[in-house]
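Observations on the three-dimensional arrangement
The primary structure of each chain is shown beneath.
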Amino acid sequence: MSLSVEKEVNPHFEDFLFDWRCKTQLLVGGYGSSKSYHVALKVFLKLLEEKRTALVVREVYDTHRDSTFSLFSEIIEDLGLGGSVKTSTSPMQIKFPNGSKIIFRGMDKPEKLKSINNISLIWLEECSEIKYAGFKELLGRLRHPTLDLFMILSTNPVSKGNWVYKHFFKNEIEEYFVLDDEELYKQRTMIVNNTYYHHSTADDNLFLPESYIGQLDEMALYDPDLHRIARKGRFGVNGILVLPQFEIKPHDEVIAEIASIRKPIRKNGMDFGFVDSYNAVLRMVVDHEKKWLYIYEEYYKRGMTDDKTADELEELGLKKSIIKADNAEPKTIAYFKQRGFRMYSCKKLTRVENTKKMKRFKRIICSDACINTIRELKELTFKKDPKTDEIIEDEFNIDPHTFSAMWYGLDDYEVASVKGANSK
């Protein structure tokens, strides 16, 4: 069999096509990078060599027809194998002369997965659209008595909140780390923990017309989120950032900058939590002249009774500092006062008012020691109304306890106030 590889294969995918060292293979890329075509070609060539049953999965079964099934049909035609490799459309299936076959399934019809046996190769196309529970179920379907097992996943990199990023890169909430995605963008291909990683963009597809790449470039002007995904092929934040001026600096630098402020305004805020939510305390300093806010220390724990929390805050030296706390918890505030804390109820402002106030700071500089504050605020985005696609000004993608602590601690400070009003 002769293949005109030079015409059909993009150089960035040449090694990938024949690299079967790792059980799991993840391809992340932008629009038009040709990752799906090369996964299909890789699977096809493997089944020509070895008798296997491959399962190709998408979230919705019917989407195979114009995507994965269409790609395999194109490959069969390109290689001139229409006489020996047979396709059927109802159900969609491909059969090889050596007994190999490719079957197509959708996670929207889970009952169709139960009858599948001896699957040694699975391809999850657009895997970010599949639920994490579905991915784990498919891992259980991957079994064969003699053949090596392979799972190939391909996707456009959507949000860092998606399970693909959390599973294959990092999950900051669970303190789980495998790989920094920035490293993948530099290296382009990597092997980590028996997983083969591959990154691609439209620049890697030599067969794309310049007009298509031009369309991707134009996205930067009207949809930065989509441009990041489609053109750069990078994970990130989907949506409008609540605090675009939020930045992180080494702790020593933050302390040094605070020490140089002519008239520092010191503030402490606390949000209460217990089972599902967290007790969050932030220690902050405002540079009123510059309209900069510094966050230099945090306390962040859940499942703590008030007495234990009070003990720990006292150890942190917060007993004699004024702390503004959630006014919805008067009993808790009363307890802390009994313990000798200078804790007071915050003023009652709406979430929208508080958020707008925080957005007025020109810079919000956070110490790198405040890991939970960074996790919650660095990529905090507004929720969107699914019907209108408009942002909801008082709802966010997560419940940010540290943001609430900021609100409470700064309740009597106005960023845009007249000169001197906050200099008490």
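Residues numbered from 1 in each chain as written. Predicted model: local features only at pLDDT ≥ 70, side-chain atom pairs only at ≥ 80, totals over all residues. Heavy atoms only, no water.

**Structural notes on the state of the cysteines**
Rules: Here, two cysteine sulfur atoms that lie within 2.5 Å of each other are counted as a disulfide.
Scanning the model with the defined rule gives zero disulfides in all. The thiol sulfur of C127 is not disulfide-bonded, and the nearest other cysteine sulfur, from C22, lies at 16 Å. Left without a disulfide partner, C370 is nearest to the cysteine sulfur of C366, which lies 4.5 Å away.

**Some remarks on the sheet that holds strand β18 (residues 363–367)**
Put simply, the rule is: We treat two strands as partners when DSSP finds at least two bridges between them. Each helix corresponds to a stretch of at least 4 residues labelled H or I by DSSP, and each strand to a stretch of at least 2 residues labelled E; elements are numbered beginning at the N terminus. Orientation is described by lines fitted to C-alpha atoms, with helices fitted over the stretch in contact, and by angles between N-to-C directions that extend from 0 to 180 degrees. For this analysis, residues touch if any pair of their heavy atoms sits within 4.5 Å.
Judged by pairing direction, the sheet is mixed, and its seven strands sit side by side in the order β12-β18-β15-β14-β13-β16-β17 without closing on themselves. Strands at the two margins of the open sheet, each flanked by one partner only, are β12 (246–249) and β17 (342–345). Averaged over all pairs of adjacent strands, the angle between their axes in this sheet comes to 30°, without regard to strand direction. Those strands touched by helix α15 (residues 401–409) are β13 (265–271), β14 (279–287), β15 (292–301), β16 (322–325) and β18, and its axis lies near 130° from that of β13.

**Comments concerning the layout of surface pockets**
Short version of the rule: Cavity and pocket criteria rest on a 1 Å grid covering protein atoms alone: a 1.4 Å probe that fits but cannot get out defines a cavity, protein on both sides within 12 Å along at least 5 of 7 lines defines an open pocket, and an atom within 4 Å of a point defines a lining residue. Grid points are joined across faces, edges and corners, and a volume is the space filled by probe spheres set on the points.
In this structure, the largest pocket encloses a volume near 620 Å³. What lines the largest pocket is a set of 24 residues, among which K160, G161, E172, R375 and E379 lie closest to the centre. Within the residue set of the lining of the largest pocket, elements represented by two or more residues are α6 (163–168), β8 (170–171), α7 (181–187) and α14 (371–377). Examining the composition of the lining of the largest pocket, we find that three residues originate from one element, α14, more than from any other.

**Description of the packing of helix α3 (residues 35–49) against helix α4 (residues 68–78)**
Note the cut-off: A crossing counts as left-handed when the near helix is turned anticlockwise from the far one by less than a right angle, and as right-handed when that turn is clockwise. Only Asp, Glu, Lys and Arg are considered charged in this grouping, and only Ala, Val, Leu, Ile, Met, Phe, Trp, Tyr, Cys and Pro are considered nonpolar; every other residue, Gly among them, is considered polar.
Running from N to C, α3 and α4 cross one another at 65°; their axes reach a closest spacing of 9 Å. The interaxial crossing formed by α3 with α4 has right-handed handedness. Residues S36, Y37, A40, L41, V43 and F44 of α3 lie in contact with α4, whose contacting residues are L71, F72, E74, I75, I76 and D78. Of the residues that constitute the contact of α3 with α4, the class distribution is nine nonpolar, one polar and two charged.

**Notes on the pairing of strand β1 (residues 24–29)**
Looking down a regular strand, the side chains alternate between one sheet face and the other. Basically, it comes down to this: Burial here depends on accessible area, computed with a 1.4 Å probe over protein chains only, as a share of the maximum for the residue type. Under 20% is buried, over 50% is exposed, and the range in between is partly exposed.
Of all six residues making up β1, six are buried, and the element is well covered by its neighbours. What you see with β1 is no split at all: T24, L26 and V28 on one side and Q25, L27 and G29 on the other are buried throughout. Pairing geometry for β1 and strand β11 (residues 195–200), over six bridges, is parallel. Considered in β11, the bridge of L26 is made with Y197. With five bridges connecting them, β1 and strand β7 (residues 150–155) associate as parallel partners. Note on β7: the bridge partner recorded for L26 is L153.

**A look at the environment of E129**
Residue placement: E129 occurs in the loop between β6 (121–125) and α5 (132–141). Assessed through its relative accessible area of 45%, E129 is described here as partly exposed. Residues E129 and R342, spaced 213 residues apart in sequence, show a C-alpha to C-alpha distance of 50 Å. The contacts of E129, once residues within four sequence positions are left out, are R58 and E59.

**Quick notes on the nonpolar core**
Heads up, the condition is: By nonpolar core is meant a set of buried Ala, Val, Leu, Ile, Met, Phe, Trp, Tyr and Cys residues that side-chain atoms within 4.5 Å join together.
Formed by 36 residues in total, the largest nonpolar core has its most connected members in V43, F44, F72, I94, I102 and F104. Secondary-structure elements contributing two or more residues to this core are α2 (14–17), α3, β2 (53–58), α4, β4 (92–95), β5 (101–106), β6 and β7. Considering every element that reaches this core, the biggest residue donor is α3, with eight residues. Every residue in contact with V43, bar those within four places of it in the chain, is listed here: A54, F72, I102, L121 and I152. Judged by nonpolar contacts, the second largest core, of 31 residues, contains L55, F135, M151 and Y197.

**A closer look at unusual backbone geometry**
Look at the link from S90 to P91: it is a cis peptide, with omega at 0°. Mapped onto the elements, P91 comes out in the loop between β3 (86–89) and β4. The residue R188 is not glycine, and still its phi comes out positive at about 75°. Topologically, R188 is positioned in the loop between α7 and β10 (189–192). Residue R188 is classed as partly exposed on the basis of its relative accessible area, which comes to 23%.

**A look at the sheet that holds β3**
If you trace the nine strands from one edge of the open sheet to the other, you get β3-β4-β5-β2-β6-β7-β1-β11-β10, paired in mixed fashion. Either end of the sheet is taken by a strand with one partner, and the two such strands are β3 and β10. Ignoring which end each strand starts from, the neighbouring axes of this sheet average 15° apart. Sheet topology places β6 next to β7; five bridges connect them, and they run parallel. In the strand pairing of β7, E125 is matched with S154. Lying over the sheet, α4 contacts β2, β3, β4, β5 and β6, oriented at roughly 30° with respect to β4. Here α5 sits on the sheet and contacts β2, β6 and β7; the angle it forms with β7, its principal contact strand, is near 155°.

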